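Geometric and topological summary
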Amino acid sequence: VGQNMGLGSTAVGNWSRLDWVYDESGGLHLCHTHFNAADEASAKEPHASHDHALYASSGCGGFAFSALTLKPPSATLSIAGEYVDAWDTSITLTPLLYVSIYPGYKPSIVHITHIDEAEGFLVGQNMGLGSTAVGNWSRLDWVYDESGGLHLCHTHFNAADEASAKEPHASHDHALYASSGCGGFAFSALTLKPPSATLSIAGEYVDAWDTSITLTPLLYVSIYPGYKPSIVHITHIDEAEGF
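Attention in this report is confined to the structure presented alongside it. Because the structure is predicted, anything quoted here is derived from the model rather than measured.

So, about the nonpolar core. Core analysis: the biggest nonpolar cluster contains 14 residues, and I79, Y83, L93, Y98, L122 and W142 have the highest contact counts within it. Mapped by element, the contributors of at least two residues to this core are β6 (90–93), β8 (108–116), β10 (137–144) and β11 (150–159).

Turning our eyes to something else, we now look at the sheet that holds strand β15 (residues 219–223). Ordered by their spatial adjacency, eight strands build a closed barrel running β1-β2-β3-β4-β13-β14-β15-β16, and the pairing between neighbours is antiparallel. Going across the sheet, the axis of each strand differs from the next one's by a mean of 35°, ignoring polarity. As paired strands, strand β14 (residues 212–215) and β15 are joined by four bridges and run antiparallel to one another. Directly across from L215, in β15, lies its bridge partner Y220.

The next subject is the pairing of strand β5 (residues 81–84). In this sheet, β6 lies alongside β5 in antiparallel orientation, the contact comprising four bridges. Each residue of the ladder has a partner; that of E82, found in β6, is T92. What sits between β5 and β6 in their antiparallel hairpin is a turn of five residues, with D88 showing a positive phi close to 65°.

Per the counting criterion, the structure on display carries two disulfides. Disulfide pairing is shown between C31 and C60; the S-S distance is 2.1 Å. As the torsion about the S-S bond is roughly 85°, the C31-C60 disulfide counts as right-handed. Taken together, the residues span a long stretch of sequence, with C31 in strand β3 (residues 28–37) and C60 in the loop between α1 (40–44) and β4 (66–70) at a distance of 29 residues. Neither C31 nor C60 differs from the other in exposure class; each is buried. Each disulfide pairs two cysteine sulfurs, and for C153 the partner residue is C182, the sulfurs being separated by 2.1 Å. Between C153 and C182, the S-S dihedral sits near 85°, and the bridge is therefore right-handed. Within this pair, whereas C153 is found in strand β11, its partner C182 is found in the loop between α2 (162–166) and β12 (188–192), the two being separated by 29 residues in sequence. Each bonded cysteine of the protein chain gets a number by its place in the sequence, and the pairs then read 1-2, 3-4.

This part covers the environment of E239. Along the chain, E239 falls in the segment after β16 (230–234). Between the C-alpha atoms of E239 and W20, which are 219 residues apart in sequence, the distance is 9.5 Å. Apart from residues lying up to four places away in sequence, E239 is in contact with W20, T198, L199 and S200.

With that out of the way, let us pick up empty space enclosed by the protein. Under the criterion given, the structure shown has one cavity of 30 Å³ or more. Size it by volume and the largest cavity reaches roughly 120 Å³. Forming the boundary of the largest cavity are 14 residues, of which V1, L18, W20, L215 and I234 lie nearest the centre. Listed by contribution, the elements that provide at least two residues to the lining of the largest cavity are β2 (15–22) and β16. Grouping the amino acids of the lining of the largest cavity by side-chain chemistry returns twelve nonpolar, two polar and no charged.

Here is what the cut-offs are and how they apply
- Residues numbered from 1 in each chain as written.
- Predicted model: local features only at pLDDT ≥ 70, side-chain atom pairs only at ≥ 80, totals over all residues.
- Heavy atoms only, no water.
- Core = buried A, V, L, I, M, F, W, Y, C linked by side-chain atoms within 4.5 Å.
- Buried < 20%, exposed > 50% of the residue type's maximum accessible area, 1.4 Å probe, protein only.
- Helix = DSSP H or I, 4+ residues; strand = E, 2+ residues; numbered from the N terminus.
- Pairing = 2+ DSSP bridges.
- Axes fitted to C-alpha atoms, helices over the stretch in contact; angles between N-to-C directions.
- Disulfide = S-S within 2.5 Å.
- Contact = heavy atoms within 4.5 Å.
- 1 Å grid on protein atoms, 1.4 Å probe; cavity = no way out; pocket = protein on both sides within 12 Å on 5 of 7 lines; lining within 4 Å.
- Points joined across faces, edges and corners; volume = space filled by probe spheres on them.
- Nonpolar A, V, L, I, M, F, W, Y, C, P; charged D, E, K, R; others polar.

Next up, the structure:
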């Protein structure tokens, strides 16, 4: 269960429930059971037109669950992981998404479209209920100190497009990461932390309509070819019931 966000999402701010089931051959099938519930509690409730036992025919609102095929990761990111900064902001980095959650606030999300490992930066489009300049583009730069510590700077946050976001910022300097290299301030020091949750079906998949689906313990991301991402920020996982 989680809250809808993302530039391709339906009912942004409302809540979703996604149910899964395995067939006899171990194939994974998924149903978007709720997509516009008013709150988390409502989204946790079973839907009258949903039935795991009928996953192959009509158990998902009169239709079959979507059969998902696992695919190799579409990209890699050397700094992928879960971190916390000096202000207790939770930061999750995957090859697809940058997610920043300050305590008590909604997620700020960057849908990553470009990674430059050689120069140490990534670029993507802003989305999420806690984002600044939704629809504009961000660039995030990283550098390691002499002890191997990771430091991050949100170099651009409101660029007009991807090309603009790829350009270096005049007030950014990797060499000054410890003092003023991030718009007059130091880069943020990130501390790696253990995963906050687990999800047995985590991975990258594709369905019969060529929709790319990424599942992590924090996010469900669905991207139909030519469309923006539909994102669910996951707040509850029930492995026993499969949702």
